[in-house]
Amino acid sequence: MARLLMLLIAFSLLPLSCGYGKDLKFAVVPKFYSVFFDQSKTGCIDAAAQIKGVECIYRGPESSSVRLQDQVINQLIDEGVDGIAVAVTQSKHLAENSLKRAKEAGIPVVTYDSDLDASIDEDPKSLRLAYIGTDNFALGQSLGEELKKLRPNGGTLIMQSGRPDSPNLNLRLMGVRSALSGKTYHTPPGELLNNDLGWTEVREPLFNFDQLSQAVKQMESVMKGKPVKANSFVAVGGWAQNDAALYREMMAPYQDKIDNKDIVIIITDTSPEQLTMLKDRLAHINIGQSPYEMGRQAILTLYKIVTKQQYDDIIYTPVTFCTQQNYETCEKPAGM
């Protein structure tokens, strides 16, 4: 039995034959290059290496801009790639431009990390064949549930997001609000909390438009309690911590506030740098996603589509729960 298991593992690591009659080029297009999205590049490359004749192209804009992302997708269409996975920055613009072109050119598209939303004039499934990534509403709910554990009697909250028109982030905001209020919202991002089961958002979410320095400045205003004071902060992405040096410098004067839970800090994502900051007590909880697995599954799904195999049109990648106590083990698979 042990020998058979070893043979099966060895076989699974061998490159798969493409079997399609030509080399295939699949592109993974992030919202922008970042610590988070670059992990999807690694997953993309590793998956492509396992399939003979398949190449991973990882290409995106340097900064978050739907127009720049649209240009990248159009370039890939012009180059004749065989499939595209895109983390949607803004649904309507892409749907009316590059994704429409991809459909007309017969190039299959899947989305990852961020899906198309209801702002477009047609069924998203007519433009993309699958979504691979976090269940974003469930992630938001998890952020809210973890906050409730640390503040069971409710409190005052400020949230941070990237862009007000980002489909995945609006689902996360709605998830947080649903978990805290107990309400069901039908349209993302839900409604501002106003003494709902003891929870009140003291202002609209802080939108940083994926600018890391702006994200840190916004957090600093929350830590200072100016212009409004809150005892809880939830970031539905990891922006502020993606510039580790700047984050550490900003947070240094507020260590006592964090240790005493004068303000509870819950942040999305769990890069190695973020886990080190968790170890150093610069946040209370980080909930991680699986960008590597998103990139890997994007390539595998595009390959199945092009080679006419069965595929899943929704693949939810796992999340992890990391605290100051379990930061060393929270990212490891069970049993390791």
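For every chain, the first residue of the written sequence is number 1, and numbering continues from 1 along that sequence. With the structure being a predicted model, the display of local features is reserved for residues of pLDDT at least 70 and the display and counting of side-chain atom pairs for 80 or more, all residues being used for whole-chain, interface and lining totals. Heavy atoms from the whole structure form the basis of all side-chain values; hydrogens and water molecules are not counted.

## Overview of the pattern of salt bridges
Part 1 of the argument: Each salt bridge in this description consists of a side-chain nitrogen of Lys or Arg and a carboxyl oxygen of Asp or Glu lying within 4 Å of one another. Enumeration according to the criterion identifies 16 salt bridges in this entry.
Part 2 of the argument: As a salt-bridge pair, D78 and R101 come within 2.9 Å of each other at their nearest N and O atoms. Here D78, found in helix α3 (residues 66-79), pairs with R101, found in helix α5 (residues 98-104); they are 23 residues apart in sequence, far enough to count as distant.
Part 3 of the argument: For every residue, the accessible area obtained with a 1.4 Å probe (protein chains only) is divided by the maximum for its type, and the residue is called buried under 20%, exposed over 50%, and partly exposed between those limits. Taking relative accessible area as the criterion, R101 reaches 34% and is therefore assigned partly exposed.
Part 4 of the argument: For K149, the salt bridge identified is with E146, shortest N-O distance 3.0 Å. Taken together, the residues K149 and E146, both in helix α6 (residues 136-150) and three residues apart, mark about one turn of the helix. Secondary structure counts use DSSP, requiring at least four H or I residues in a row for a helix and at least two E residues in a row for a strand, with both numbered from the N terminus.

## Side note on unusual backbone geometry
Part 1 of the argument: The linkage connecting P188 with the following residue, P189, adopts the cis geometry, with an omega of 10°.
Part 2 of the argument: As for its position among the elements, P189 is in the loop between α7 (167-181) and β7 (199-201).
Part 3 of the argument: P227 follows K226 through a cis peptide bond whose omega is 0°.
Part 4 of the argument: Tracing the sequence through the fold places P227 in the loop between α8 (212-224) and β9 (232-235).
Part 5 of the argument: Unlike most non-glycine residues, L197 shows phi in positive territory, near 50°.
Part 6 of the argument: Mapped onto the secondary structure, L197 falls in the loop between α7 and β7.

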